[in-house]
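Descriptive analysis of the structure
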Amino acid sequence: MKTFSLLENEYKREDFFLVKIDTELVSVLRQTRTEMSHDGIGELCSSIAESGQKTPGDIYAFEASQAELYLKRINELWNMNYDIRNFSQYYIPEKTKSYYLFLVAGHRRLKACINLSLPYLTNIHFDKTFEDAIKWQLEENLHEEVPLPDLINSATGFWVLLKKENPKLTLKEFAKRHVHKSVSWLSNALRFIRLPLGIQELIKKTEIQKGVGYSIMLEFAKLYDFSISKEKPITEEFLMSFINHCISHKYALSKVKEFCEIKREEIEGQQEIFHLVPEDINQGTLRAIKGQRTNHMRQAEDYLKASTVIARQITDNCKRRAAKVIEVGQQMQLILPSE
């Protein structure tokens, strides 16, 4: 009988170690995924408790100088303010050096292990870079569903950062090397993030709302870009009213395209487009707008009740924006036809 030795044929990658680590040793920075559902973590906890952690996470080990550079790049990418002094380093005898251990992938699995008070199964990588870390996060998203807004923000933010450092970098090269997405997908994503932030938020799904379809939002992104190119930018409030009008009327994508084309023609003809004439709006549109504002306010109130520290950080600007919402609502009420 032929034999096969596991030890003789064991494969070990250089500077790569599969370990079980105390969760307290892992430093977690801003990740591509910004939200984790309670139900999703609960299901993952049940799976790990029953069958163990099947898929390891990934940690990058950096020496002090590397860690400072890594934090600098992360701060630039996500507009954060991480400071090396707020993180701990650990001496690794096999390397005879001290390292900072930053989580790169597997945040949900780490969260589940923390909830279960279990050690975390992870690969620890050495001699890696910031580009390696972000690329790995984006690649992992191909196998594990990540909310579309997070994927868009990660891909476009990474593109902007690398393009600034290397002006010769092309969108095609970036798409192939770093995100494994088509150039058209990236072009649409870059157009989408030029929308006002309040408009971008509409694609997010919540327990109350299912979010506005991305394909529909891209049509309004094109309209917004067109208005800027003609030096007649549509304000966030009026763009919001256009979108709510189409959604409340349950317009199909083809109908939304027709609506946006009419608005483009109005811009081209230098007509006043920043209103919905009475025949274009009904009580359903206003109710949709009011309902959306009410839901946001309710969610904000619940959040603030749960965090008094954050409540103290609310600025006067927030109050002004709230006043603006009320003002726009009153303006919309004035142009409605009486029932």
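Description of the structure in this document.

Reading guide: rules and limits
- Residues numbered from 1 in each chain as written.
- Predicted model: local features only at pLDDT ≥ 70, side-chain atom pairs only at ≥ 80, totals over all residues.
- Heavy atoms only, no water.
- Helix = DSSP H or I, 4+ residues; strand = E, 2+ residues; numbered from the N terminus.
- Buried < 20%, exposed > 50% of the residue type's maximum accessible area, 1.4 Å probe, protein only.
- Contact = heavy atoms within 4.5 Å.
- Areas by Shrake-Rupley, 256 points an atom, 1.4 Å probe, with all protein chains shown as cover.
- Axes fitted to C-alpha atoms, helices over the stretch in contact; angles between N-to-C directions.
- Parallel < 35°, antiparallel > 145°, perpendicular 65-115°, else oblique.
- Nonpolar A, V, L, I, M, F, W, Y, C, P; charged D, E, K, R; others polar.

The helix and strand inventory of the protein chain stands at 14 helices and 5 strands. A total of 339 residues make up the protein chain; the buried ones form 38% of that total. Put simply, 77% of the contacts in the protein chain that link residues at least 6 apart link residues at least 24 apart. Accessible surface, the protein chain: about 20600 Å² in total, of which carbon and sulfur atoms supply 52%.

Our next topic: unusual backbone geometry. Positive phi outside glycine occurs at Asp15, with the angle close to 55°. Positionally, Asp15 belongs in the segment before strand 1 (16–21). The backbone phi angle of Glu231 is positive, close to 60°, even though this residue is not glycine.

Here we take up the packing of helix 5 (residues 148–165) against helix 7 (residues 183–192). Relative orientation of the contacting elements helix 5 and helix 7 amounts to 95°, with a least axis distance of 10 Å. As far as their axial angle goes, helix 7 and helix 5 are roughly perpendicular. Residue-level inspection shows Leu148, Leu151, Ile152, Ala155, Thr156 and Trp159 of helix 5 in contact with helix 7, the latter providing Trp185, Leu186, Ala189, Leu190 and Phe192. Residues belonging to the contact of helix 5 with helix 7 are distributed by class as follows: 10 nonpolar, 1 polar and no charged.

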